[in-house]
Amino acid sequence: MSAEATLHDATGHAHDGHDHHDPPFWKKYIFSTDHKVIGIQYGFTALVFMAVGFFLMMVMRWSIAYPDRPVPFLADLPWFQSWLDADGKVTGELYNMFGAMHGTIMIFLGVVPLAFGAFGNYVTPLQIGAPDMAFPRLNMASYWCFFLGGVLMFVSFFLPSGAAKAGWTNYSPLATTTDLGYANQFWTGQTQWLFAMALLITSSLLGAVNFIATIINLRAKGMTWMRLPFFVWAMLVTGFLLLLAFPPLEVAAIMQIMDRLVGTSFFVPTGLNVAGQPFDVAGGGSPLLYQHLFWFLGHPEVYVLILPAFAIVAEIIPCNTRRPLWGYKVMVYAAMVLGFLSFIVWAHHMYLTGMGTSVSTFFQTTTVLISVPSVILITSLLISLWGGSIRFNSAMLFATAFIPMFGIGGLTGLPLAFNNLVLHLHDTYYVIGHFHYVVAPGTIFALFAGIYHWFPKHTGRMMSEKLGQLHFWPSLIFMNGIFLPMFFQGMAGFHRRAFDGGAAYQQISSQLFMPGDSVFGGIFNFLFGRAAGQDILMIDLNLIMSASAWLLALAQIPFVINLFISVFNGKKVTSDNPWDATTLEWATPTPPPHGNFLTEPVTYRTAYEYSVPGADEDFLPQFVPDKETGAPEPAKVAAKH
């Protein structure tokens, strides 16, 4: 491709490749409208917030494992001492604060921005052959709304009231009546949580509109719908989920702000007592209305987390097996069905609110049905591995580990579809284990895979495979060390919000859950070290889980070192397409310039043409004409596939 060739922007005007685009530093890297820079901004900001959320979890795990001991290191810090009790131990109030903010930060400031904002922004325009997003300034506004919302959320820790304490779901009327002892309700963590959420949701809505418009309108010549990479399809469905599901929560946040600051009672019922005194408001509100608004977002939000993960893994597996993505069209339709069904399952989070049998039966049915498209996606990825010549690089290790980890999360969610089982499992560690298997070793593993896979395209350098392996194997072991025991504790009745780790349950032994003379009881006692004639208490699993959490933090050090060292000293790529992949992002220079492509890209075939019989190479890129690849006649290729 010639460097003198011209680009065509979204309006169709020609301009030079990158000879006349040299904005000042602040405009190029801070207030940039380039989708690639914005993607990197989203990525690094989200990783920082994930580190903050992980820190909160480690303090919580200390309280759970050692509720009678002061927190090491932190108890000596003056700014932290005000949050602890006189002995330097975690209080119930601090645990509630960290629990609420851990969930909020990891989901709304960590995983979603990294999955959709970072990977979506960086990769989607490249894969469809676009010079940028459809609305670059809207894209910049989306990032800065996210950034300001995150800063507001973080600063709330240092308010006199501390940060929000009413759980990451922020249920009313608890959230409405929290921190009432402060004269200025505006400057309380609970209120600032609501303002921050309004900014974060606005960011997601702006991004969703931009993604949908970009994918529909800016596809390259020849990029028909069924030539789109699955990554782009998943981002399109995710965009619709954000666009339709997030407004109800933004409305709920605004209504709850009014309940706290103006004296309305949208979610405050009549006859509410606070601290033994009647709450002086008009009443007549419905706490259940808030739950409906929250969970109407909450369950599509799960697929906002997981669909980008499937998107990343679906790009990495074909590339590293040298085989086409099995069942591509079926996966596309499954993603669409998944998006639709995600809007009619939300009330399975609300079985304990007293819904009737007809309504609960409907939501039980839809919850079971939604497992079908998920199974289709997982099965397609598994079959794509069959018979492949697999390259087990770091990206592929994380991508293949995603499949069983998400599988565990999905299978353990099926019992939660039934209201009679939820009576026992609701608000126990079983629910925590189920959800975290979907998000932590599930989605986050896919995000790590994506970083290793696209890092060479962004930087022109490879990440270290040795450090990548050192990152993967401990992460896999300790992720399971944290979350697998939660299923045992949950079925034994351990409550998810006990800041002392369930000290009240100390008399519950493994035999109450699994008799030692049973097959499963024997396995349990073998795995968790039952001494001769002595039961291991369920509460002892807290030590295993907490130690795994702290070791998991250490396991991320190789990744951090790898990320920063490789930017400057990683092995330089010798090709714009170091993985011999087929999609359009590998047709750009490395790293891609402003405007992405040196010539207007053209798409000649589907996205996953690997190991086509009769071709000169084991991959046929979308962007190379047949005469240059030695590809067989299209009819023969179609017949083969």
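Residues numbered from 1 in each chain as written. Predicted model: local features only at pLDDT ≥ 70, side-chain atom pairs only at ≥ 80, totals over all residues. Heavy atoms only, no water.

(A) Structural context of the overall build of the protein. Looking only at helices and strands, one finds 22 helices and four strands in the protein. Going through the 641 residues of the protein one by one, you find that 56% of them count as buried. The long-range fraction of contacts in the protein, counting pairs at least 24 apart against all pairs at least 6 apart in sequence, stands at 78%. In the form shown here, the protein has an accessible surface area of approximately 26,200 Å², with 67% of it arising from carbon and sulfur atoms. (Helix = DSSP H or I, 4+ residues; strand = E, 2+ residues; numbered from the N terminus. Buried < 20%, exposed > 50% of the residue type's maximum accessible area, 1.4 Å probe, protein only. Contact = heavy atoms within 4.5 Å. Areas by Shrake-Rupley, 256 points an atom, 1.4 Å probe, with all protein chains shown as cover.)

(B) Here's a closer look at the packing of helix H2 (residues 35–65) against helix H19 (residues 541–555). One can describe the packing of H2 onto H19 by two numbers: an axis separation of 9 Å at closest approach and a directional angle of 155°. Overall, the two elements H2 and H19 adopt an arrangement that is roughly antiparallel. Judged by the sense of rotation from one axis to the other, the crossing of H2 with H19 is left-handed. For the pair H2 and H19, the contacting residues are Phe54, Met57, Met58, Arg61, Trp62, Ile64 and Ala65 in the first and Asn542, Leu543, Met545, Ser546, Ala549, Trp550, Leu552 and Ala553 in the second. Among the residues forming the contact of H2 with H19, the class breakdown is 12 nonpolar, two polar and one charged. (Axes fitted to C-alpha atoms, helices over the stretch in contact; angles between N-to-C directions. Parallel < 35°, antiparallel > 145°, perpendicular 65-115°, else oblique. Left-handed = near helix turned anticlockwise from the far one by under 90°. Nonpolar A, V, L, I, M, F, W, Y, C, P; charged D, E, K, R; others polar.)

(C) Summary view of the environment of Thr412. With respect to the element layout, Thr412 can be found in helix H13 (residues 394–413). Residues Thr412 and Val431, 19 residues apart in the sequence, show an inter-C-alpha distance of 8.7 Å. Contacts of Thr412, omitting those with residues within four sequence positions, involve Tyr430, His434 and Phe487. Only 3.1 Å separates the side chain of Thr412 from the backbone oxygen of Gly409, close enough to count as a polar contact. (Polar contact = N/O pair within 3.5 Å; in protein donor to acceptor, adjacent residues only side chain to side chain.)

(D) How the structure looks around the side chain of Glu301. Tracing the chain through its elements places Glu301 in helix H9 (residues 287–321). Within the buried core, Glu301 has no salt-bridge partner, and the shortest N-O distance to an opposite charge, that of Arg496, equals 14 Å. Contacts of Glu301, omitting those with residues within four sequence positions, involve Ile107, Phe108, Val112 and Phe246. (Lys, Arg positive; Asp, Glu negative; His and termini not counted. Salt bridge = Lys/Arg side-chain N within 4 Å of Asp/Glu carboxyl O.)

(E) Representation of a nonpolar patch on the surface. A contiguous nonpolar surface patch, about 540 Å² in accessible area, is contributed by Leu77, Trp79, Val151, Phe154, Val155 and Phe158. Among the secondary structure elements, Phe158 is positioned in the loop between helix H5 (136–155) and helix H6 (174–177). On the accessibility criterion, Phe158 (52% relative accessible area) is exposed. (Patch = residues over 30% accessible without salt bridge, like charges linked within 9 Å, V, L, I, M, F, W, Y side chains within 5 Å.)

(F) Main features of the pattern of salt bridges. Applying the stated criterion across every chain, the model contains five salt bridges. Linking Arg497 and Asp427 is a salt bridge whose minimum nitrogen-to-oxygen distance equals 3.1 Å. Within this pair, whereas Arg497 is found in the loop between helix H16 (465–491) and helix H17 (510–513), its partner Asp427 is found in the loop between helix H14 (419–425) and helix H15 (429–459), the two being separated by 70 residues in sequence. Of the residues examined, Asp427 reaches a relative accessible area of 16% and is grouped as buried. The network of salt bridges with common partners includes Asp427, Arg496 and Arg497.

(G) Broad picture of the nonpolar core. Of all hydrophobic cores here, the largest spans 186 residues; its most connected members are Phe98, Phe230, Leu381 and Phe402. It is helix H4 (residues 92–128) that provides the largest number of residues to this core, a total of 21 residues. The residues contacting Phe402, other than those within four sequence positions of it, are Ile306, Ala309, Phe310, Val313, Leu381, Pro441, Gly442, Thr443 and Ala446. (Core = buried A, V, L, I, M, F, W, Y, C linked by side-chain atoms within 4.5 Å.)

(H) Spatial organisation of helix H20 (residues 557–569). Taking 1.5 Å per residue as the helical rise, H20 with its 13 residues ought to reach 18 Å, and the 17 Å between its terminal C-alpha atoms agrees with that figure. Here H20 has its buried residues at Pro558, Phe559, Asn562, Leu563 and Ser566. Buried residues along H20 sit against H2, H15, H16 and H19. (Expected span 1.5 Å × (residues − 1).)

(I) Seen up close, the packing of helix H10 (residues 328–341) against helix H12 (residues 371–385). For the pair H10 and H12, interaxial distance at closest approach is 8 Å and the crossing angle is 150°. By the angle class used here, H10 and H12 are roughly antiparallel. Once H10 is placed against H12, the crossing between them reads as left-handed. Across from Val330, Met331, Ala334, Val337, Leu338 and Leu341 in H10, the residues of H12 making contact are Pro373, Ser374, Ile376, Leu377, Ser380 and Leu381. When grouped by side-chain class, the residues that make up the contact of H10 with H12 number 10 nonpolar, two polar and no charged.

(J) Geometry of unusual backbone geometry. Here the bond from Ser172 into Pro173 is cis, since omega is 5°, no more than 30 degrees from zero. The residue Pro173 is located in the loop between H5 and H6 in this model. Here the phi dihedral of Asp179 falls at roughly 65°; this positive angle occurs in a residue that is not glycine. Inspection of the secondary structure puts Asp179 in the loop between H6 and helix H7 (189–217). Although it is not a glycine, Asn596 sits at a positive phi angle of roughly 75°. Topologically, Asn596 is positioned in the loop between H20 and helix H21 (626–629). Among the residues examined, Asn596 registers a relative accessible area of 0% and is labelled buried.

(K) Main features of the confidence of the model for the protein. Of all residues in the protein, 89% attain a pLDDT of 70 or more, and the chain-wide mean is 89. Below a pLDDT of 50 lies the segment residues 509–516, which in the model reaches 25 contacts outside its immediate sequence neighbourhood of four places, other chains included. Contacts of residues 635–641 to residues separated by more than four positions or lying in other chains number seven contacts, the stretch itself having pLDDT below 50. (pLDDT = per-residue confidence, 0-100.)

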